[in-house]
Amino acid sequence: MSYIAPVKDILFAINELADLEQIATLPGFEDATAETAQAVIEESAKFCGEIVAPLNVSGDRNGTTWKDGAVTASPGFADAFRQFTAGGWQGVKHPVEFGGQGLPKLLATPCSEMLDASNLAFALCPLLTDGAIEALLTAGTDEQKQRYLPKLISGEWTGTMNLTEPQAGSDLALVRSRAEPQGDGTYKVFGTKIFITWGEHDMADNIVHLVLARTPNAPEGVKGISLFIVPKFMVNDDGSLGARNDVHCVSIEHKLGIKASPTAVLQYGDNGGAIGYLVGEENRGLEYMFIMMNAARFAVGTQGIGISDRAYQQAAQYAKERVQSRPVDGSAKESVTIIHHPDVRRMLGTMRALTEGARALAYVAAAHSDLAHGHPDEATRARNEAIYEFLVPIVKGWSTEASLEATSLGVQVHGGMGFIEETGAAQYYRDARILTIYEGTTAIQANDLVGRKTLRDGGAVASALLAEIGKTVDALATVQGAPFESMRRHLEAGAQALKTAVEHVVANTKRDPNGVFAGSVSYLKLAGIVLSGWQMARAMLVASHKQAEDPSFYGAKIATAQCFAEFILPQALGLSASIVSVKGGEGILALSEDQF
């Protein structure tokens with residue numbers, strides 16, 4: 001099935017929920033008007049639907065290949081990537097001074113979502129390049145910025161993140177790769193890096209690897225890690241490409257999904273040492289890499305939204321065509337298309353509500369990021385930065401967990417045909433499965449939400465968001481109608497459940513860390529459900545005022561929000577109960593190792 005970007009839904013979320021008009025008042029973003037947004041999104045939708053989406057199934061069936069150290073992209077990918085870069089899509093949100101378009105994150109995010117939905121494996125390449133750009137913008141020297149950023153932003157070169165090693169997964173304290181200073185400002189890098197997304201390919205002239213490694217006499221643990229630029233080809237002073245560097249792809253992984261995205265094992269220094277350049281200061285590499293990781297984590301949350309929408313579109317289309325069984329209400333004597341059956345509608349409604357709720361939360365988070373970077377008032381910047389930082393693990397963790405439910409429901413709507421690869425529904429399920437794992441598992445996001453984002457400020461940001469939810473609950477009480485009353489009741493109960501959980505986390509983490517962290521994923525899911533439900537309630541209120549303008553579109557907004565209220569928000573009560581009931585040394589935490 002072809003992908004049709006939900007342009008109208010995206011524009012609604014940008015304008016009505018994330019308040020693009022406010023973002024366009026920020027210095028440097030004056031051109032980000034509603035008209036610009038519509039033009040950019042419509043053009044992105046056209047490119048994704050016509051050029052990239054048709055390669056999704058073929059890329060899954062004919063993935064990347066490795067031979068003698070060289071990786072060849074899936075058929076059609078290199079040409080699509082050339083069109084992607086020629087269109088300036090890599091540089092949408094990056095600085096004009098280095099060749100980017102300088103648009104806000106709020107406009108770049110839907111472009112990423114549409115690319116993710118059209119072809120997740122393809123979209124991973126520019127995602128990693130974005131992360132490398134962010135790190136160099138923050139920590140690179142002026143010379144490094146001038147040498148690498150224009151080519152990365154143009155898409156002529158791509159970027160990677162090199163963290164993981166065979167013995168060091170999420171625990172980066174175990175990194176062993178080493179970097180030996182050469183006395184001329186360069187280093188020679190040695191080591192093995194695994195799980196390197198698009199670590200080798202034939203779609204760009206050069207690949208700029210950002211690599212974590214240890215210098216001699218560096219402190220043990222994470223405090224002794226530095227970050228290095230290690231290009232595939234050396235870059236001459238005039239910007240031309242020089243000799244091949246001593247970094248080679250020794251294999252690529254065979255995976256459950258995203259088969260057209262090469263996941264490389266890279267070997268550094270087999271022939272004397274790969275030449276690298278220190279980024280920032282020694283022993284601060286993890287700090288700089290987290291800049292990449294934070295950008296990538298938000299982007300992976302967007303991937304969850306995109307794949308959910310793609311799965312929903314296919315399931316809805318199938319449900320309108322598949323004839324099976326008579327309706328349960330006896331309204332027809334012959335079999336009908338399955339979209340008439342209540343449980344199929346429940347599944348489709350849940351998929352749609354999860355997708356729209358996650359989209360709205362991500363776009364609102366993107367707007368907070370723009371305000372944090374661009375608002376002239378320091379206190380306003382700080383407040384928005386705190387909210388954005390709080391939301392990032394939720395956008396990453398909850399949106400990707402929701403994508404597993406959405407893509408699984410997509411298979412279920414297809415019935416037995418969903419289990420057959422030819423329908424395409426299974427690919428979305430397989431592709432989505434990595435999203436809760438890479439760039440930090442859901443548990444890592446949940447630990448971050450508990451430790452850094454809730455405990456650190458005593459729950460202040462969470463409490464401020466709950467206060468805003470309370471205002472929306474009050475507004476719902478002023479609108480008559482069953483959908484609004486249903487949302488008001490369920491959102492109020494969900495907010496209370498989240499408040500109880502926040503108070504529990506703040507009060508008990510130091511006293512009972514095992515008990516609290518055993519419930520951390522439930523805490524993240526609870527926050528995701530309630531905060532997304534809040535955005536759905538806001539969408540419902542906007543739709544109530546505009547319904548006469550477009551009864552079908554705004555009526556669907558109200559109905560989808562009601563679905564979220566009645567099928568998703570009630571989960572908040574159960575999640576909250578499970579969080580506060582877990583105690584260290586009891587239940588699952590009481591089992592000894594040999595009892596598992």
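To be clear, the structure that these remarks concern was listed above.
Residues take numbers from 1 onward in each chain, read along the sequence in its written order. Local features in a predicted model are, by the rule used here, given only for residues with pLDDT of at least 70; side-chain atom pairs are given and counted only at 80 or more, and totals for whole chains, interfaces and linings are based on all residues. Water and hydrogen atoms were dropped before computing side-chain values, which therefore reflect all heavy atoms in the structure.

Student: Which residues make up the pattern of salt bridges, and what values do they have?
Tutor: Salt-bridge detection follows one rule: a side-chain nitrogen of Lys or Arg within 4 Å of a carboxyl oxygen of Asp or Glu. Taken as a whole and assessed by the stated rule, the structure comprises 27 salt bridges. Of the charged contacts, one joins Glu 156 and Lys 151 as a salt bridge, the two residues approaching to 3.1 Å between their closest N and O atoms. If you follow the salt bridges from partner to partner, you end up with Asp 9, Arg 352, Glu 356 and Lys 557 in one network.

Student: Lay out the packing of aromatic side chains in plain terms, naming residues and giving numbers.
Tutor: A pair of aromatic rings is counted whenever rings of Phe, Tyr or Trp (Trp by its six-membered ring) have centres within 6.5 Å, and the orientation is called stacked for planes under 30 degrees apart, edge-to-face for over 60 and tilted otherwise. Inspection of every chain in the model, using the stated rule, returns eleven aromatic pairs. When the ring of Phe 81 is compared with that of Phe 84, the centres are 5.9 Å apart and the planes differ by 25°; the resulting orientation is stacked. One end of the pair, Phe 81, and the other, Phe 84, are both in helix 5 (residues 77–86), three residues apart, so they sit about a helical turn from each other. Assigned by exposure class, Phe 81 and Phe 84 land together as buried. In this structure an aromatic cluster arises from ring pairing among Phe 47, Phe 77, Phe 81, Phe 84 and Phe 122. Charge-over-ring contacts are defined here by two conditions on Lys NZ or Arg CZ: a distance within 6 Å of the ring centre and an angle within 35 degrees of the ring normal. Positioned over the ring face of Phe 553 is Lys 8, at 4.8 Å from the centre of the ring. When the ring centre of Phe 190 is taken as reference, the NZ or CZ atom of Arg 178 above it lies at 4.3 Å. Every helix listed is a DSSP run of H or I at least four residues long, and every strand listed is a run of E at least two residues long, numbered separately from the N terminus. Remark: exposure states derive from per-residue accessible area (1.4 Å probe, protein chains only) relative to the maximum for the residue type, with buried under 20%, exposed over 50%, and partly exposed in between.

Student: Lay out a nonpolar patch on the surface with the relevant residues and their values.
Tutor: Residues form patches when they are more than 30% accessible in relative terms and have no salt bridge. Like charges link within 9 Å. Nonpolar side chains (Val, Leu, Ile, Met, Phe, Trp, Tyr) link within 5 Å. Accessibility throughout is a Shrake-Rupley quantity obtained with a 1.4 Å probe, and a residue counts as covered only by protein chains that appear here. On the surface, Ile 588, Leu 589, Leu 591 and Phe 596 cluster together to form a nonpolar patch covering roughly 400 Å² of accessible area. Considering the arrangement of structural elements, one finds Leu 591 in the segment after helix 19 (571–581).

Student: Give me the lowdown on the packing of helix 3 (residues 34–52) against helix 6 (residues 105–118), citing residues and values where you can.
Tutor: Taken N-terminus to C-terminus, the directions of helix 3 and helix 6 make an angle of 15°; their axes are 9 Å apart at the nearest point. Relative to helix 6, helix 3 is oriented roughly parallel. Relative to helix 6, the crossing made by helix 3 is right-handed. Contacts from Ala 37, Val 40, Ile 41, Ser 44, Ala 45, Phe 47, Cys 48 and Val 52 in helix 3 reach Leu 107, Pro 110, Cys 111, Met 114, Leu 115 and Ser 118 in helix 6. Here the contact of helix 3 with helix 6 is composed, by residue class, of twelve nonpolar, two polar and no charged. Helix axes are fitted only over the stretch in contact, all axes being lines through C-alpha atoms; the angle between N-to-C directions runs from 0 to 180 degrees. If an angle is under 35 degrees, it is roughly parallel; if it is over 145, roughly antiparallel; if it lies from 65 to 115, roughly perpendicular; otherwise it is oblique. In this scheme the crossing of two helices becomes right-handed for a clockwise turn of the near helix relative to the far one and left-handed for an anticlockwise turn of less than a right angle. Two residues form a contact once any of their heavy atoms are found within 4.5 Å. We call Asp, Glu, Lys and Arg charged. Ala, Val, Leu, Ile, Met, Phe, Trp, Tyr, Cys and Pro are nonpolar, and the rest, Gly among them, are polar.

Student: Requested: an account of the nonpolar core, with residues and values cited.
Tutor: Among soluble globular proteins, nonpolar side chains are generally buried collectively. To qualify as a nonpolar core, a set must consist of buried Ala, Val, Leu, Ile, Met, Phe, Trp, Tyr and Cys residues joined through side-chain atoms within 4.5 Å. With 176 residues, the main nonpolar core has Leu 348 and Met 487 as its most contacted residues. Sorting elements by how many residues they give to this core places helix 9 (residues 285–321) first, with 17 residues. Setting aside its immediate chain neighbours within four residues, Met 487 contacts Leu 476, Glu 492, Gly 533, Met 536, Ala 537, Met 540, Ala 561, Ala 565 and Leu 569. Listed in part, the 17 residues of the second largest apolar core include Ala 213, Phe 228, Val 247 and Leu 266.

Student: For the pairing of strand 11 (residues 263–268), give the residues involved together with the corresponding values.
Tutor: For strand 11, the buried fraction is high: six of the six residues fall into the buried class. Any two strands between which DSSP finds at least two bridges are classified as paired. As paired strands, strand 10 (residues 247–252) and strand 11 are joined by five bridges and run antiparallel to one another. The partner of Ile 252 across the bridge, within strand 11, is Ala 264.

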